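Next come the chains, spelled out residue by residue.
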Amino acid sequence: MNKISLTRYLVEQQREHGHIPAQLRLLLEVVARACKSISQAVNKGALGGVLGSAGSENVQGEVQKKLDIIANEVLIEANEWGGHLAAMASEEMDSIYAVPNRYPQGEYLLLFDPLDGSSNIDVNVSIGTIFSVLKKPEGGLAVSEQDFLQAGNKQVAAGYCVYGPQTTLVLTVGKGVAMFTLDREQGSFVLTQEDVQIPADTKEFAINMSNMRHWDAPVKRYIDECLQGKEGPRGKDFNMRWIASMVADVHRILTRGGVFMYPWDKREPDKAGKLRLMYEANPMSWLVEQAGGAATNAKTRILDLQPTKLHERVSVVLGSKNEVDRITAYHNGA
Ligand code: P6P
């Protein structure tokens, strides 16, 4: 098979469609290279002394794993000198990281969850890096947190890298979704799937069932109907998956369909949901929509939500369009 590298793919996309300016191409190449380094660190595991907690907490009040911090540092060090970014924001940092004055300032903003699924790190289950790219608003002096507070429909690129049996980079720049598998012999990401399509229907749902007693009625109704199987109103049996790494669950859905739900529940009623809007829900929602799926917060399209805080949380329902539409309709009173 004629191997098309990430670099060649981006160059050819630029030549054919002209929608990947040089600075954005550089940004994506740099992020991909950072993901390669993170993959190496993850693959070392106990041999690299990188497992276990770092003995600190992040802005979410969650215990940080050593690899969370390593991945965060890799992404910052890889991206700060290239001249393509004005600033970065990360799940692992309270405030934004402006590119130091000793480096040229670029026109893009990079947001990331450097290592999503941290609870799976120490038990050797797939984890991943999620990233989102926005343009810095014109004008204005120093870059500020306010510059990051843009709706997901303003993203210019989004993707993730899943560190599983393969290390796979999944990317969209608004012209569909492409997947690149890391060829460790060459040390480069090779195009392994283009024009990813999520089937509109599915028999597979992903939700943490242990939270059932805390769910809102529409979620209980939807899951209950799935569990009734053939004899119930859905007329078919369903399967369930929950990896507790959003990257791995979304990758499965992009690969074979399904619906992923992390809905609001009454454990912490003031919290819209567990997942973060800016660097988890927005990039994953754009990828899913670009692959023909849908993504809502159970009531409205996630990509249209106007953020008010950098680390704000959101309820997430995404995947096969007909299932997302059904769940959203239940929440809107159907
Ligand atoms: P729970 C990982 O911590 C994460 O943010 C997502 O990747 C994942 O889908 C979810 O939380 C898992 O949450 O409550 O099932 O452990």
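These figures come from a predicted structure and were not determined experimentally.

1. A look at the sheet that holds strand 9 (residues 177–183)
So, step 1. Pairing in this open sheet of eight strands is mixed, and the strands run 4-3-5-6-7-8-9-10 from one edge to the other. The outermost strands of the open sheet, each flanked by one partner alone, are strand 4 (97–98) and strand 10 (188–193).
So, step 2. When strand 9 meets strand 10, the two strands line up antiparallel, connected through five bridges. Looking at the pairing, Met179 lines up with Gln193 of strand 10.
So, step 3. Those strands touched by helix 3 (residues 66–79) are strand 3 (85–90), strand 4, strand 5 (108–116) and strand 6 (127–135), and its axis lies near 155° from that of strand 5.
So, step 4. Set on the sheet, helix 6 (residues 246–256) makes contact with strand 5, strand 6, strand 7 (157–163), strand 8 (167–172) and strand 9; between it and strand 7 the angle comes to about 105°.

2. Comments concerning unusual backbone geometry
So, step 1. Of note in the backbone geometry, Asn124 takes a positive phi value of approximately 60° without being a glycine.
So, step 2. With respect to the element layout, Asn124 can be found in the loop between strand 5 and strand 6.
So, step 3. Look at Ala298: it is not a glycine, yet its phi comes out positive at around 90°.
So, step 4. Within the secondary structure, Ala298 is located in the loop between strand 15 (294–296) and strand 16 (313–314).

3. Some words on the packing of helix 2 (residues 22–44) against helix 3
So, step 1. Relative to each other, helix 2 and helix 3 sit at 150°, their axes nearing to 9 Å. With respect to their mutual orientation, helix 2 and helix 3 come out roughly antiparallel. Between helix 2 and helix 3 the crossing geometry is right-handed. Residues Leu27, Val30, Val31, Ala34, Ser37, Ile38, Ala41 and Val42 of helix 2 touch helix 3, and the partners they reach there are Leu67, Ile70, Ala71, Val74, Leu75, Ala78 and Asn79.

4. Remarks on the domain arrangement of the protein chain
So, step 1. By domain assignment, the protein chain separates into domain 1 (6–193) and domain 2 (204–331).
So, step 2. Just the C-alpha atoms count here: the centres of domain 1 and domain 2 sit 23 Å apart.
So, step 3. Listed per partner, the contact involves 50 residues of domain 1 and 33 residues of domain 2.
So, step 4. Between domain 1 and domain 2, roughly 2900 Å² of surface is buried when both sides are summed, and carbon and sulfur atoms account for 63% of that area.
So, step 5. Among the ionic pairs, Arg276 bridges to Glu62, the shortest N-O distance being 2.7 Å.
So, step 6. Inspection of the region where domain 1 meets domain 2 yields 18 residue pairs in polar contact (both at pLDDT 80 or more).
So, step 7. Among the elements of the structure, strand 3, strand 5, strand 6, helix 4 (145–148), strand 7, strand 8 and strand 9 are those that each provide at least two residues to the side of domain 1 that touches domain 2.

What counts and what doesn't
Residues numbered from 1 in each chain as written. Predicted model: local features only at pLDDT ≥ 70, side-chain atom pairs only at ≥ 80, totals over all residues. Heavy atoms only, no water. Pairing = 2+ DSSP bridges. Helix = DSSP H or I, 4+ residues; strand = E, 2+ residues; numbered from the N terminus. Contact = heavy atoms within 4.5 Å. Axes fitted to C-alpha atoms, helices over the stretch in contact; angles between N-to-C directions. Parallel < 35°, antiparallel > 145°, perpendicular 65-115°, else oblique. Left-handed = near helix turned anticlockwise from the far one by under 90°. Domains from an automatic or database assignment. Buried area = accessible area lost by both parts, 1.4 Å probe. Salt bridge = Lys/Arg side-chain N within 4 Å of Asp/Glu carboxyl O. Polar contact = N/O pair within 3.5 Å; in protein donor to acceptor, adjacent residues only side chain to side chain.

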